[in-house]
Amino acid sequence: MNVVDLRSDTITRPTPAMREAMAKAEVGDDVFGDDPTVNALQERIAALLGKEAALFVPTGTQSNLVGMMTHCGRGDEYIVGQMAHTYRWEGGGAAVLGSVQPQPLEHQPDGTLALADIEAAIKPDDAHFARSRLLCLENTLGGKVLPQAYLADATGLARRRGLATHLDGARLFNAAVKQGIAAREIAAHFDSVSVCFSKGLGAPVGSALVGSKAFIHGAHRWRKMLGGGMRQSGVLAAAVLHALDHHVERLADDHALAQRLAAGLRDVPGVAVEPPQTNIVFVDVQGPKAAGLIDHLKSRGVLATGLYRLRFVTHLDVDAAGVDRAIAAVREHMNA
């Protein structure tokens with residue numbers, strides 16, 4: 001049975017064309033700075049996002065951690081959403097490894113943090129408090145796109161109060177494609193941006209941190225300390241360059257499949273679907289059949305996650321037939 005894997009957009013396999021690009025990659029030693037393919041990727045992603053420089057790292061978690069530790073020192077604080085990946089799903093790295101305190105805030109229904117809450121969370125210059133240094137936002141957040149006007153207002157507030165700004169842009173290109181704008185228009189609001197290549201773009205490994213030359217110079221030291229220096233990583237960078245050439249605009253296909261999935265589940269008894277904006281569909285399931293749904297889906301060759309809500313994520317390895325199989329499996333279980 002072919003499996004329809006909707007657990008995440010991280011589970012994609014490199015396409016044959018991507019594998020070919022990897023096989024042909026020219027490589028060097030990136031720790032010495034002489035891997036030409038990594039250098040080409042760093043120059044390209046920096047230009048795409050309108051920044052001076054970039055740093056290729058193994059994971060999005062490390063990219064965010066390096067970014068936060070470059071912005072903040074011991075006893076500093078970053079302001080962040082309760083459901084943001086940097087706070088909830090990255091092992092508390094900034095606090096554990098960087099001695100940087102998170103100040104989590106509740107999200108509004110659209111995924112934003114209320115400007116008044118951000119303002120109120122910024123600490124006075126007093127020895128009793130951690131030093132507020134950084135505002136960290138995420139776009140997309142649970143598949144929701146943060147509006148450009150909001151990003152301008154939130155980062156403007158942070159700058160007026162002396163805070164730096166960082167974007168966890170793991171799915172930055174999803175947000176850009178959804179809005180029909182260039183990714184650099186989103187990145188322009190932030191001092192630093194982390195972007196992930198192993199989610200919707202379909203590369204097997206890798207993220208990048210972008211910012212000013214001075215910022216990335218400092219980030220190099222933290223990457224080394226955190227074990228992120230890789231050697232002949234041009235093989236991986238070649239996959240990313242291929243993805244940037246071929247897998248960005250097709251993100252709209254993933255968004256359309258998420259809409260198809262949501263529409264197919266909308267009238268299923270006991271199922272409440274949150275209308276998706278991009279490629280993530282959240283579903284709340286009520287009633288006695290909720291507990292057995294994940295196992296039933298698996299028995300039908302459909303994989304999903306259900307940590308706190310049922311979550312389906314579309315990606316380049318999922319097609320319309322796969323989405324329809326998922327819909328049919330949910331209907332079968334809930335209508336039995």
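Refer to the structure presented above.
Residues numbered from 1 in each chain as written. Predicted model: local features only at pLDDT ≥ 70, side-chain atom pairs only at ≥ 80, totals over all residues. Heavy atoms only, no water.

With respect to the overall build of the protein chain
So, step 1. Counting secondary structure elements, the protein chain contains 14 helices and twelve strands.
So, step 2. Relative to the compact-globule value of 20 Å for 336 residues, the protein chain shows a C-alpha radius of gyration of 20 Å, a close match.
So, step 3. Structurally, the protein chain occupies a C-alpha span of about 60 × 50 × 35 Å along its principal axes.
So, step 4. Looking at the protein chain as a whole, 54% of its 336 residues qualify as buried.
So, step 5. For the protein chain, restricting intrachain contacts to residue pairs at least 6 apart in sequence, the fraction spanning at least 24 positions comes to 75%.
So, step 6. Only carbon and sulfur atoms are counted for the fraction: they give 53% of the accessible area of the protein chain, which is about 14300 Å².
So, step 7. Treating the 34 positive side-chain charges of the protein chain as one cloud and the 36 negative ones as another, the clouds have centres 3 Å apart. (Helix = DSSP H or I, 4+ residues; strand = E, 2+ residues; numbered from the N terminus. Rg over C-alpha atoms; globule rule 2.2 N^0.38 Å. Buried < 20%, exposed > 50% of the residue type's maximum accessible area, 1.4 Å probe, protein only. Contact = heavy atoms within 4.5 Å. Areas by Shrake-Rupley, 256 points an atom, 1.4 Å probe, with all protein chains shown as cover. Lys, Arg positive; Asp, Glu negative; His and termini not counted. Charge placed at Lys NZ, Arg CZ, Asp CG, Glu CD.)

Side note on the sheet that holds strand 9 (residues 271–273)
In a beta sheet, neighbouring strands pair by backbone hydrogen bonds and run either parallel or antiparallel.
So, step 1. In spatial order, the strands read 9-10-12; together these three strands make up an open sheet with antiparallel pairing. Edge positions in the sheet fall to strand 9 and strand 12 (310–313), since each of these pairs with one other strand and no more. For this sheet, the mean angle separating the axes of adjacent strands, direction not counted, is 25°.
So, step 2. Of the strands in this sheet, strand 9, strand 10 (280–285) and strand 12 touch helix 12 (residues 251–265), which is tilted by about 20° from strand 10. (Pairing = 2+ DSSP bridges. Axes fitted to C-alpha atoms, helices over the stretch in contact; angles between N-to-C directions.)

What about the packing of aromatic side chains?
So, step 1. The final tally for this structure, using the stated rule, is zero aromatic pairs.
So, step 2. Its guanidinium or amino end placed over the ring of W89, R88 lies 5.9 Å from that ring's centre, counting from NZ or CZ. (Phe/Tyr/Trp six-rings, centres within 6.5 Å; stacked < 30°, edge-to-face > 60°. Lys NZ or Arg CZ within 6 Å of the ring centre and 35° of its normal.)

A short note on the nonpolar core
So, step 1. Core analysis: the largest hydrophobic core is formed by 52 residues, its most contacted members being I45, L49, F56, L137, F173 and F197.
So, step 2. Take this core: its biggest share by element is seven residues, from helix 11 (residues 234–246).
So, step 3. Residues contacting F197, with those up to four places away along its chain left out, are L41, I45, F56, G202, A203, G206, S207, A208 and V240.
So, step 4. Counting 25 residues, the second-largest nonpolar core is a separate cluster that includes L257, V318, V323 and V330. (Core = buried A, V, L, I, M, F, W, Y, C linked by side-chain atoms within 4.5 Å.)

Looking at the side chain of E77
So, step 1. Mapped onto the fold, E77 is located in strand 3 (residues 76–81).
So, step 2. Not counting the four nearest positions on each side in its chain, E77 is found in contact with C72, V100, Q101, Q103, A121, K123, A130, R131, S132, R133 and L134.

A word on the sheet that holds strand 2 (residues 53–57)
So, step 1. Taking strand neighbours across the sheet as the criterion, the seven strands line up as 2-8-7-6-5-3-4 in an open arrangement whose pairing is mixed. The two strands at the open ends of the sheet, each matched to only one other strand, are strand 2 and strand 4 (101–105). The sheet shows a mean angle of 20° between the axes of neighbouring strands, taken without regard to direction.
So, step 2. Direction of pairing for strand 2 relative to strand 8 (residues 207–211): antiparallel, over a ladder of five bridges. Bridge pairing in strand 8 places V57 opposite S207.
So, step 3. Contacting strand 2, strand 7 (192–196) and strand 8, helix 2 (residues 36–48) crosses the sheet at an angle of about 125° to strand 2.

Considerations on the pattern of salt bridges
So, step 1. Applying the stated criterion across every chain yields a total of 18 salt bridges.
So, step 2. A salt bridge links D76 to R131, with the nearest nitrogen and oxygen atoms 2.6 Å apart. Here the residue D76 occupies a position in strand 3, and R131 occupies one in strand 5 (residues 131–138), the gap between them amounting to 55 residues.
So, step 3. D76 sits in the buried class, given a relative accessible area of 5%.
So, step 4. Assessed through its relative accessible area of 40%, R131 is described here as partly exposed. (Salt bridge = Lys/Arg side-chain N within 4 Å of Asp/Glu carboxyl O.)

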